[in-house]
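One letter stands for each residue in the lines below.
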Amino acid sequence: MELVSGLLSKALFLTGLSNETNDKRRKKMEEKALEVYDVIRTIRDPEKPNTLEELDVVTEKCVEVQELGDDEYLIVIKFSPTVPHCSLATLIGLCLQVKLQRCLPFKHKLEIYITEGTHSIEEDINKQINDKERVAAAMENPNLREIVEQCVTEPDD
């Protein structure tokens, strides 16, 4: 009986450690998500004088961070265009890509999606904004690059 009691005590102790470790990991991922959100919330809309945060295109809930390895993270962003036929959704995705690649101080893999059901051609746009070659080609276009720069530059830069 003492053996069973001892094993049970150890199992409960280890479960507590496991829960504590999971709580720390979850808190760390929440902090990383807020760090990412702080970077993207100030991106300006290409058409309007507002930020993506002000238009509810991005919210704290749209950012998810998962740990991939030692100091490497997967960042998943799901943004919501203001209207289902938004012609600038791809450009907004490009702005998110560019700003995060420039500003995040940690190693990461980035996936950006339009929130399901918020755009009429979300699948096509999702493919475009997660295709590295298309993103690189878009940034070689001087007109597009200038628009992206205007959107991602902080007002006091």
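Residues numbered from 1 in each chain as written. Predicted model: local features only at pLDDT ≥ 70, side-chain atom pairs only at ≥ 80, totals over all residues. Heavy atoms only, no water.

A.B. asks: Give me the lowdown on the overall build of the chain, citing residues and values where you can.
C.D. replies: Looking only at helices and strands, one finds 5 helices and 3 strands in the chain. Mapped from its N terminus to its C terminus, the chain presents α and β elements in the order α-β-β-α-β-α-α-α. Expressed as a percentage of the 157 residues in the chain, the buried residues total 34%. Across the chain, every contact between residues at least 6 apart in sequence was considered, and the portion connecting residues at least 24 apart equals 62%. Total accessible area computed for the chain in this model is approximately 10,100 Å², and 51% of it derives from carbon and sulfur atoms. (Helix = DSSP H or I, 4+ residues; strand = E, 2+ residues; numbered from the N terminus. Buried < 20%, exposed > 50% of the residue type's maximum accessible area, 1.4 Å probe, protein only. Contact = heavy atoms within 4.5 Å. Areas by Shrake-Rupley, 256 points an atom, 1.4 Å probe, with all protein chains shown as cover.)

A.B. asks: Can you tell me about helix α3 (residues 122-129), naming the residues and giving the values?
C.D. replies: Each α-helix winds once per 3.6 residues, and so residues spaced three or four apart point in a common direction. For α3, the full list of buried residues reads Glu 122, Ile 125, Asn 126 and Ile 129. Angular distribution of buried residues about the axis of α3 spans 105°; they occupy a single face of the element. Turned more than 90 degrees from where α3 packs its buried face, Glu 123 and Lys 127 sit exposed. (Arc of directions from axis to C-beta.)

A.B. asks: Describe in detail the pattern of salt bridges, supporting the description with residues and values.
C.D. replies: One pass over the structure, following the stated rule, counts 12 salt bridges. A salt bridge links Arg 25 to Glu 67; the nearest nitrogen and oxygen atoms lie 3.5 Å apart. In this pair, Arg 25 is assigned in helix α1 (residues 2-40) and Glu 67 in strand β1 (residues 63-69), connecting sequence segments 42 residues apart. In this structure Arg 25 comes out as partly exposed when scored by relative accessible area, which is 41%. A relative accessible area of 33% places Glu 67 in the partly exposed class. (Salt bridge = Lys/Arg side-chain N within 4 Å of Asp/Glu carboxyl O.)

A.B. asks: Describe the layout of surface pockets, naming the residues involved and giving the relevant values.
C.D. replies: Counted as a void, the largest pocket has a volume near 220 Å³. Considering the residues around the largest pocket, the lining is formed by Gln 97, Gln 101, Lys 109, Leu 110, Ile 129, Asn 130, Asp 131, Lys 132 and Val 135. Where the lining of the largest pocket is concerned, the elements lending two or more residues are α2 (89-103), β3 (107-114) and α4 (132-140). Split by residue class, the lining of the largest pocket holds 3 nonpolar, 3 polar and 3 charged. (1 Å grid on protein atoms, 1.4 Å probe; cavity = no way out; pocket = protein on both sides within 12 Å on 5 of 7 lines; lining within 4 Å. Points joined across faces, edges and corners; volume = space filled by probe spheres on them. Nonpolar A, V, L, I, M, F, W, Y, C, P; charged D, E, K, R; others polar.)

A.B. asks: So what about the side chain of Glu 111? Which residues, and what values?
C.D. replies: Relative to the helices and strands, Glu 111 is located in strand β3. A distance of 3.4 Å separates polar atoms of two side chains, one belonging to Glu 111 and the other to Lys 109. (Polar contact = N/O pair within 3.5 Å; in protein donor to acceptor, adjacent residues only side chain to side chain.)

A.B. asks: Can you lay out the packing of aromatic side chains for me, pointing to particular residues and giving the numbers?
C.D. replies: In this description, a pair of aromatic rings is defined by centroid distance and the angle of the planes. Under the criterion given, the structure shown has 1 aromatic pair. Aromatic side chains Tyr 73 and Phe 106 sit 5.2 Å apart centroid to centroid with 80° between the ring planes, which places their arrangement in the edge-to-face category. With a gap of 33 residues between them, Tyr 73 in strand β2 (residues 72-79) and Phe 106 in the loop between α2 and β3 connect regions that are remote in the sequence. A relative accessible area of 1% means that Tyr 73 is categorised as buried. (Phe/Tyr/Trp six-rings, centres within 6.5 Å; stacked < 30°, edge-to-face > 60°.)

A.B. asks: Can you lay out the side chain of Thr 51 for me, pointing to particular residues and giving the numbers?
C.D. replies: Structurally, Thr 51 is set in the loop between α1 and β1. Of the residues examined, Thr 51 reaches a relative accessible area of 9% and is grouped as buried. Apart from residues no more than four positions distant in its own chain, Thr 51 is found in contact with Arg 41, Thr 42, Ile 43, Arg 44 and Asp 45.

A.B. asks: Help me get a handle on empty space enclosed by the protein, residues and values and all.
C.D. replies: Per the stated rule, a full pass over the model turns up 1 cavity of 30 Å³ or more. Here the largest cavity is characterised by a volume of approximately 40 Å³. If you go around the largest cavity, the residues you meet are Asp 45, Pro 46, Glu 47, Lys 48, Thr 82, Cys 86, Leu 88 and Ile 92. Residues that form the lining of the largest cavity fall into these classes: 4 nonpolar, 1 polar and 3 charged.

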